[in-house]
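Structural overview
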Amino acid sequence: MSRVGVRDHLKFGYSWLSALIVATLCLVSVFMPATLAAQTLRGTEFTSDLGGPTVRWTEDWEASLEGDDDFSTMLMLQGEIMIFAVMFVYEPLPEMSMRSVYFSLSDVLVANFDSQPTQVYEWQAEDGSFRGLNVIQLSGINFVLYMRVDPGVAGVGPTMQFAGAPVRAFPSSLTAMQTEITIDGLPAMADDDGEELLALLESNEASAADPSLADAAGTHQRVPVGTTAKIPTPDIFGGEFVSETNDFTVRYGEEWSPTDSMIGEFSLVSTGRPTTVVSFIGRSTTETNRAAYFEDIVARESRHAGFIGSVTDDDRLLIASWSNDDELSVLEYVFVDDDTVVTVMVTLSGSNPERGIDRVQQIELDGIPILQGWDELE
């Protein structure tokens, strides 16, 4: 294949990546309750009217504003065969760890591809950020998708940065981003090294073959949490939420309060210990093979360090994993009818987070307690 042919082939794969990233950014309603249509940006810098960080870039990049409201701002910059995206969240999100934010975004991203990642490596960095690498094939080309979520400071929420490029071009592409894009004067993807990131992917292959190597790489692995007795649903509820968009109903007790920082369509935070956040996200679906749909999700989630296990029923899937030594994450996918699937995200934090499961199970989704099958986890 000639050099021109190679470049055209790369651009074709890149065009798929670009389209999918745009679609993904539009789907991230989990963090952007009110998004606007993408706007092409002229010039080489942008600062939100809300006073967020200033992003600057060289003329080699095409920039677009994918969302901008009082909750968050998202920009995407496209190079010849590479993409950079950044999202600033203005709400502190005190109830959510960087891992929870990362997986909320990463899972939406990966779910938009027809093929599953061929390599995955995700970890918590020493600075508190959560980072992840996925390799996905597009049009016969292997692309690296690298995402990092950094904690916010001084009452500001986290920052997400994303980089995508062909595997062979990833180190040089990342260097170009760091040289040509700045955020408040600092290089994009500061302190990242493309060659070292690719080396992590290679080392992860060894970790998969020998689980004892995983902890040395900075990930966390935990044993199953055991069983929890089911608590009867109370007769008196503290409140109710009805989704006008996706037609489902959540009922909850007096020990729960709706959060000010909306995650998904509706979120609750516990008034007791352990600190617990429960969020509900509904979407329309035409999925008819639920078993295959659930199998794909389990295959993806089971690659995450700390994965505990899953339980599948005809219309629902439950997945549990440890984020770190004192944070438990549980996802439940529920087909409330043939046209709607609701994702329930539960994050429990504390010295013994699993103690809060019984309280979570008192919340009802369309009249049925959530986290069905929890006591079946092994």
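Quick summary incoming for the structure in this document. (Residues numbered from 1 in each chain as written. Predicted model: local features only at pLDDT ≥ 70, side-chain atom pairs only at ≥ 80, totals over all residues. Heavy atoms only, no water.)

Here's the deal with the overall build of the protein chain
In terms of helices and strands, the protein chain carries seven helices and 23 strands. Burial analysis of the protein chain (378 residues in total) assigns 54% to the buried set. Carbon and sulfur atoms form 48% of the exposed surface of the protein chain, whose accessible area is close to 16900 Å². (Helix = DSSP H or I, 4+ residues; strand = E, 2+ residues; numbered from the N terminus. Buried < 20%, exposed > 50% of the residue type's maximum accessible area, 1.4 Å probe, protein only. Areas by Shrake-Rupley, 256 points an atom, 1.4 Å probe, with all protein chains shown as cover.)

Examining unusual backbone geometry
Despite not being glycine, D247 has its phi angle at roughly 60 degrees, a positive value. Locating D247 in the fold gives a position in the loop between β13 (239-242) and β14 (249-252). Unlike most non-glycine residues, D366 shows phi in positive territory, near 50 degrees. Assignment of secondary structure puts D366 in the loop between β22 (364-365) and β23 (368-369).

Some words on the sheet that holds strand β12 (residues 186-187)
The four strands lie next to each other as β2-β3-β11-β12, forming an open sheet whose pairing is antiparallel. The open sheet is flanked by β2 (45-47) and β12, the only strands paired with a single partner. Relative to β12, strand β11 (residues 181-183) runs antiparallel, the two sharing two bridges. Counterpart to T182 in the pairing with β12 is P187. Against the sheet, helix α3 (residues 170-180) touches β3 (54-57), β11 and β12, its axis set at about 55 degrees to β11. (Pairing = 2+ DSSP bridges. Contact = heavy atoms within 4.5 Å. Axes fitted to C-alpha atoms, helices over the stretch in contact; angles between N-to-C directions.)

Observations regarding the sheet that holds strand β1 (residues 39-41)
Strand order in this open sheet of eight strands is β1-β4-β5-β6-β10-β9-β8-β7, and the pairing throughout is antiparallel. Only two strands of the sheet have a single neighbouring strand rather than two, namely β1 and β7 (119-124). Each strand axis lies, on average, 20 degrees off the axis of its neighbour in the sheet, ignoring direction. Here strand β4 (residues 62-68) pairs with strand β5 (residues 72-78) via six bridges, running antiparallel. By the bridge assignment for β5, G67 is matched with M74. Strands β6 (83-89), β9 (141-150) and β10 (159-166) of the sheet are contacted by α3, whose axis makes an angle of about 135 degrees with β10.

Observations concerning helix α6 (residues 290-301)
An ideal rise of 1.5 Å per residue puts 16 Å on twelve residues; α6 measures up with 16 Å between its terminal C-alpha atoms. Taken residue by residue, α6 has R290, Y293, F294, I297, V298, R300 and E301 as its buried positions. The buried residues of α6 occupy an angular sector of 165 degrees when the element is viewed end-on, so they sit on one face. (Expected span 1.5 Å × (residues − 1). Arc of directions from axis to C-beta.)

Things to note about the packing of aromatic side chains
Enumeration over the complete set of coordinates arrives at ten aromatic pairs. When the ring of F241 is compared with that of F266, the centres are 4.4 Å apart and the planes differ by 5 degrees; the resulting orientation is stacked. Of the two residues, F241 sits in strand β13 while F266 sits in strand β16 (residues 266-270), which places them 25 residues apart along the sequence. For F241, a relative accessible area of 17% translates into the label buried. (Phe/Tyr/Trp six-rings, centres within 6.5 Å; stacked < 30°, edge-to-face > 60°.)

Describing the nonpolar core
Among the nonpolar cores identified, the biggest contains 34 residues, and V55, W57, W61, F84, F170, M177 and I181 are the most heavily contacted of them. A total of four residues in this core trace back to one element, the largest contributor, which is α3. Among residues more than four places away in sequence, those in contact with I181 are V55, R56, W57, W61, L77, F84, A176, L186, P187 and A188. Within the second largest apolar cluster, 29 residues are counted, among which are F248, Y252, V344 and I357. (Core = buried A, V, L, I, M, F, W, Y, C linked by side-chain atoms within 4.5 Å.)

Digging into the pattern of salt bridges
Scanning the model with the defined rule gives nine salt bridges in all. Between D127 and R131 there is a salt bridge, with the nearest N and O atoms lying 3.1 Å from each other. Each of D127, R131, R148, D150 and D192 takes part in a single network of salt bridges with overlapping partners. (Salt bridge = Lys/Arg side-chain N within 4 Å of Asp/Glu carboxyl O.)

A word on the pairing of β13
Every second residue of β13 is oriented toward a common face, the buried set being G239 and F241 and the non-buried set E240 and V242. Hairpin connection from β13 to β14: six residues lie between these consecutive antiparallel strands, with D247 at a positive phi of about 60 degrees.

Comments concerning the side chain of E122
Among the structural elements, E122 can be located in strand β7. Polar contacts involving the side chain of E122 include one to the side chain of Y102, which spans 2.9 Å. (Polar contact = N/O pair within 3.5 Å; in protein donor to acceptor, adjacent residues only side chain to side chain.)

As for a negative patch on the surface
Taken together, the side chains of D313, D314, D375 and E376 define an acidic patch exposed on the protein surface. We classify D314 as exposed; its relative accessible area is 66%. (Patch = residues over 30% accessible without salt bridge, like charges linked within 9 Å, V, L, I, M, F, W, Y side chains within 5 Å. Lys, Arg positive; Asp, Glu negative; His and termini not counted. Charge placed at Lys NZ, Arg CZ, Asp CG, Glu CD.)

Re the environment of Y102
Position of Y102 among the secondary structure elements: in helix α2 (residues 98-111). Each C-alpha atom, one on Y102 and one on M160, is 8.0 Å from the other, the two residues being 58 residues apart in sequence. Those residues within four positions of Y102 in sequence are excluded, and the remaining contacts are E122, F130, R131, G132, L133, N134, M147 and V149.

Some points on the environment of N352
Within the secondary structure, N352 is located in the loop between β21 (340-349) and α7 (357-360). The exposure class assigned to N352 is partly exposed, which follows from its relative accessible area of 27%. Taking the C-alpha atoms as reference points, N352 and L328, separated by 24 residues in sequence, lie 9.1 Å from one another.

Digging into the side chain of E301
Along the polypeptide, E301 turns up in helix α6. Buried within the structure, E301 lacks any salt-bridge partner; its nearest side chain of opposite charge belongs to R300, at an N-O separation of 4.1 Å. Setting aside residues no more than four positions away along its own chain, E301 makes contact with D107, F307, I319, L331 and Y333.

Any functional reading would require information beyond the geometric quantities listed.
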